[in-house]
Amino acid sequence: MRFDELLKLSKEEPILKNKNIAHLAINLNKIVSENSVPGLLLDVKEMKNGVNIKMTVSKDVKIKEPIHLCFGLTHEQALQKINLNILVSKNAKICVIAHCLFPQAIKVKHIMKARIRIKENATYVYKEKHFHGVQGGVKVDAKTIVKLDKRAIYKNTFVLIEGSVGKLNLDYNVTGKEESVAELMTKVSGSGKDIIKVREVNNLIGEKARGVLSSKIAVCDDAKAEVYNVMKATAPYAVGHIDCQEIIQDNGEATSIPIVKVNNSKARITHETAIGSVDQKQLETLMARGLNRNEATKAIIAGLMS
Amino acid sequence: MNILELKNLSIFLSGKKILDKLNINFSQNRIYAIVGLNGAGKSTLAYTIMGLSGYRDIQGDIIFEGRSLKDKTITQRAKKGITLGWQEPARYDGLTIKKFIMLSAKEKNNNIVSKVLTQTGLNPVDYLNRAIDKTLSGGERKRIELASILAMKPKLVIFDELDSGIDISSLKRIFDSIKLLKSYGSTIILITHNLEIIKQAGYSFLLCGGKLVLEGNINKIYPYFKNECFICAHKNKPKNKPKNNIK
Ligand SMILES: Nc1ncnc2c1ncn2[C@@H]1O[C@H](COP(=O)(O)OP(=O)(O)OP(=O)(O)O)[C@@H](O)[C@H]1O
Ligand SMILES: [Mg+2]
């Protein structure tokens, strides 16, 4: 498979030709294409099994168009290590869309280590979308550490609903100072023998810091999912919420472990967990419009994951 | 021609008889009302005709277009042209109104969604891409369900309390939709206790304690319902032959 074919899977291939949009495309450990825009410093070093990326957004710079990152593998077997260091300076604002494309994977390991620092009043929006092949031969290990300064905003979305998950291990640790906002959304749909582990820790250490950890997971066949959410509030008026929805079918297994810890009487954290099969009324409504059980289930889960 | 016939239809739920030997015929392309107090068995009848899970184990029979529905699943009944509008429509996280209506639509063309939304009084621009979740009001969800049924063009539709959550000023629009369905050839069964809704129907059936106690046009049904049922001391325990029943 050629890399340009791989890029087509992201459906955003034309963007990489636009000089006004920053991007970085990596195949295993090689920079295939790179473009920066004013105010964005991209420093990329190729390593043996991957790349080291340093991304810095200068003070007060607000980049309108999303920055596209593409981590691909045209290989069937490979180890890919990505180290990502991101600094969003004071008052800056960026949005990053990352495509992780492993369509050929038979035995692929993708290890991502991200360190993100979002300075005062800055905004960082990150959307990561995975596209895996159907063989189930992918192992993803992603660890992200995020530090939010005063009034910083961090919005993270992780989506893996196409192809087979394989083994997924997501680990987020977010610490928020005064009036910072952290919103994490994880959407994963597992089947076959997929194993999904999501671990999200959010520390609200500053006054009026806010955090929301949301996950929507669907597992069917023999897939297993475990969502471990920790939300801690130690400052007054910190507000947090955990929302975990898991849908199981067949022999799927879902676990949700929400841990809520508050040691300041002026802080407040809530959590909501729902694990079960597809709602009967939702299902029967669609069946009463002529869909069969399978089609109705698919439509409901696709909606939940959208 | 009868499109639907209930033949000695009874159903037990948790060991309790909820529908009791109903014999009712519905002719094609007419509007009917099913009237009764809370707990009379109206929703149960709707679910039983649709064949929802838990409502399949019946005594007697349900005949649609001359064939028994007894062994038919919900999907099979829907494919024959039967559908149901719920008393309290389902919510779907993430599923958009557009997708939902498209899934229901008989002819899957691009204009159908906007068309049926407009017909139920919802501006497509504001609704197409919204999810059918808790951010929609009860009345909005009712209309979206109605829109999906308009798109389906069913042969037979049962609306369970179509008016619940709909304000009086919007009722006319809803009635227009009912007339539209009738113009498509649909047979419509309206479950209700609302006089305005009963007025839409040419013929009504009054249920009490799972039994059919009276049938006729509004001039016969409504006075009885108002004068006898509202003050009835033995709610949902009908006498064998209610007075006035000229059946
Ligand atoms: N699964 C069940 N098990 C036992 N009893 C049931 C069950 N479902 C309904 N019932 C009873 O059957 C009776 C009829 O219920 P149904 O919901 O059909 O009434 P309804 O006429 O639709 O009332 P409403 O006007 O309040 O909607 C009620 O007494 C109800 O409690
Ligand atoms: Mg009812």
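**Q** Would you mind showing me how to read the overall build of chain B here?
**A** Helix and strand counts for chain B stand at nine helices and ten strands. Computed over its C-alpha atoms, the radius of gyration of chain B comes to 18 Å, within 12% of the 18 Å expected for a compact globule of 247 residues. Projected onto its principal axes, the C-alpha positions of chain B cover 55 × 40 × 35 Å. Residues counted as buried form 54% of the 247 residues belonging to chain B. A separation of at least 24 residues holds for 67% of the contacts in chain B among residues at least 6 apart in sequence. Taking the 40 positively charged and 21 negatively charged side chains of chain B as two groups, their mean positions are separated by 4 Å.

**Q** Looking at this model, I keep getting lost on the packing of helix α4 (residues 112-119) of chain B against helix α6 (residues 138-152) of chain B. Mind explaining?
**A** In a pair of packed helices, the angle between the axes and the distance between the axes together describe the arrangement. Residue and element names in this part refer to chain B. The geometry of α4 relative to α6 is characterised by a closest axis approach of 9 Å and an angle of 125 degrees between their N-to-C directions. Considered as vectors, α4 and α6 are oriented oblique to each other. You can see that α4 and α6 cross each other, and the crossing is right-handed. Listed contacts from α6 to Ile112, Val116, Leu117 and Gln119 of α4 are Ala147, Leu150 and Ala151.

**Q** Could you clarify how one ought to interpret the coordination of the magnesium ion (ligand 2) in this entry?
**A** Each angle at a metal carrying four tetrahedral donors should ideally be 109.5 degrees, and each at a metal carrying six octahedral donors should ideally be 90 or 180 degrees. Residue and element names in this part refer to chain B. At the metal site, the magnesium ion (ligand 2) is ligated by Ser43 (OG) and Gln87 (OE1), and these contacts range over 2.0 to 2.4 Å. Of this pair, Ser43 sits in helix α1 (residues 42-50) while Gln87 sits in the loop between β6 (82-85) and α3 (97-104), and the two are 44 residues apart along the sequence. Overall, the relative accessible area of 18% leaves Ser43 in the buried class.

**Q** Just checking my understanding: could you explain the interface of chain A and chain B for this structure?
**A** It is common to report an interface's size as the accessible area lost on association of the parts. With 19 residues of chain A in contact, the opposing surface of chain B contributes 26 residues. For the pair chain A and chain B, the summed buried surface comes to about 1900 Å²; carbon and sulfur atoms form 56% of the total. Three residues, Lys281(A), Glu284(A) and Arg289(A), lead the burial of chain A against chain B; their summed loss comes to 35% of the area buried on that side. Ionic pairing is found between Glu145(B) and Arg289(A), a salt bridge with its closest N-O pair at 3.5 Å. Our count for the contact surface shared by chain A and chain B stands at 14 residue pairs in polar contact (both at pLDDT 80 or more). When residues of the side of chain A that touches chain B are traced back to their parent elements, those giving at least two are α2 (280-287) and α3 (293-305) of chain A. Looking at the side of chain A that touches chain B element by element, the count peaks at seven residues for α2(A). Considering only residue class, the side of chain A that touches chain B consists of seven nonpolar, eight polar and four charged.

**Q** Can you walk me through the sheet that holds strand β14 (residues 195-204) of chain A in this structure?
**A** The strands making up a sheet associate through hydrogen bonds between their backbones, and the pairing can be parallel or antiparallel. Residue and element names in this part refer to chain A. Reading across the sheet, the nine strands line up as β3-β4-β6-β8-β10-β12-β14-β16-β18 and stay open at both edges, with mixed pairing between neighbours. Among the strands making up the open sheet, the edge pair consists of β3 (40-46) and β18 (253-262). Strand-to-strand twist in this sheet, taken as the mean axis angle between neighbours without regard to direction, amounts to 5 degrees. For β14 and strand β16 (residues 224-233), the ladder comprises ten bridges, and the chain directions are parallel. Counterpart to Arg199 in the pairing with β16 is Tyr228.

**Q** How should I be thinking about the side chain of Ser204(B) in this particular structure?
**A** Residue and element names in this part refer to chain B. Looking at where Ser204 falls in the secondary structure, it is placed in strand β9 (residues 203-208). By relative accessible area, which is 1% here, Ser204 ends up buried. What Ser204 contacts, discounting residues up to four positions off in sequence, is Ala33, Val35, Ile198, Leu214, Glu215, Gly216 and Ile221.

**Q** Can you walk me through the site of ligand 1 in this structure?
**A** Residue and element names in this part refer to chain B. In the neighbourhood of ligand 1, 15 residues make up the surrounding shell, with Ser14, Gly39, Lys42, Ser43 and Thr44 lying closest. Here an oxygen atom of ligand 1 and a backbone polar atom of Gly39 are 2.8 Å apart. At 2.8 Å, a side-chain N or O of Lys42 approaches an oxygen atom of ligand 1. When the free accessible area of ligand 1 is taken as 650 Å², the share hidden by the protein chains comes to 66%. Breaking the shell around ligand 1 down by element, the ones donating at least two residues are β2 (16-27) and α1. It is α1 that contributes the most residues to the shell around ligand 1, three residues altogether. In terms of residue class, the shell around ligand 1 is made up of four nonpolar, eight polar and three charged.

**Q** Can you help me understand the pattern of salt bridges in this one?
**A** All names here are of chain A. Summed over all chains, the structure comprises 15 salt bridges over all chains. The salt bridge involving Arg151 is made with Glu120; its shortest N-O contact spans 3.6 Å. Taken together, the residues span a long stretch of sequence, with Arg151 in the loop between β10 (138-148) and β11 (153-162) and Glu120 in the loop between β8 (107-118) and β9 (123-132) at a distance of 31 residues. Residue Glu120 is classed as partly exposed on the basis of its relative accessible area of 26%. The residue Lys177 makes a salt bridge to Asp149 at a minimum N-O spacing of 4.0 Å.

**Q** Explanation requested: the environment of Gln28(B) in the structure shown.
**A** All names here are of chain B. Residue position: Gln28 is located in the loop between β2 and β3 (31-35). Between the alpha carbons of Gln28 and Glu5 there is a distance of 11 Å; along the sequence they are 23 residues apart. Not counting residues within four places of it along the chain, the set of residues in contact with Gln28 comprises Met1, Ile3 and Thr187.

**Q** Please explain the sheet that holds strand β2 (residues 30-35) of chain A as it appears in this structure.
**A** Residues and elements named next belong to chain A. In spatial order, the strands read β2-β1-β5-β7-β9-β11-β13-β15-β17-β19; together these ten strands make up an open sheet with mixed pairing. If you trace the sheet from one side to the other, it starts and ends with β2 and β19 (268-276), each paired once. Direction aside, the axes of adjacent strands within the sheet are offset by 5 degrees on average. Taken together, the nine bridges between strand β17 (residues 239-248) and β19 define a ladder with parallel strand orientation. For Asp243, the partnering residue across the bridge sits in β19 and is Glu272.

**Q** Just checking my understanding: could you explain the nonpolar core for this structure?
**A** Ranked by internal contacts, the top residues of the largest apolar core, which has 103 residues, are Leu4(B), Phe26(B) and Phe159(B). In terms of residues, this core owes the most to one element, α6(B), which gives seven residues. Those residues in contact with Phe26(B) that sit more than four places away from it in its chain are Met1(B), Asn2(B), Ile3(B), Leu4(B), Leu6(B), Tyr32(B), Ile34(B), Ile189(B) and Phe205(B). With 73 residues, the next largest nonpolar core counts Met55(A), Val61(A), Ile63(A) and Tyr126(A) among its residues.

Reading guide: rules and limits
Residues numbered from 1 in each chain as written. Chains lettered and ligands numbered in written order. Predicted model: local features only at pLDDT ≥ 70, side-chain atom pairs only at ≥ 80, totals over all residues. Heavy atoms only, no water. Helix = DSSP H or I, 4+ residues; strand = E, 2+ residues; numbered from the N terminus. Rg over C-alpha atoms; globule rule 2.2 N^0.38 Å. Buried < 20%, exposed > 50% of the residue type's maximum accessible area, 1.4 Å probe, protein only. Contact = heavy atoms within 4.5 Å. Lys, Arg positive; Asp, Glu negative; His and termini not counted. Charge placed at Lys NZ, Arg CZ, Asp CG, Glu CD. Axes fitted to C-alpha atoms, helices over the stretch in contact; angles between N-to-C directions. Parallel < 35°, antiparallel > 145°, perpendicular 65-115°, else oblique. Left-handed = near helix turned anticlockwise from the far one by under 90°. Donors = N, O, S within 2.8 Å, 3.2 Å for Na, K, Ca; no water. Buried area = accessible area lost by both parts, 1.4 Å probe. Salt bridge = Lys/Arg side-chain N within 4 Å of Asp/Glu carboxyl O. Polar contact = N/O pair within 3.5 Å; in protein donor to acceptor, adjacent residues only side chain to side chain. Nonpolar A, V, L, I, M, F, W, Y, C, P; charged D, E, K, R; others polar. Pairing = 2+ DSSP bridges. Near = heavy atom within 4 Å. Areas by Shrake-Rupley, 256 points an atom, 1.4 Å probe, with all protein chains shown as cover. Core = buried A, V, L, I, M, F, W, Y, C linked by side-chain atoms within 4.5 Å.

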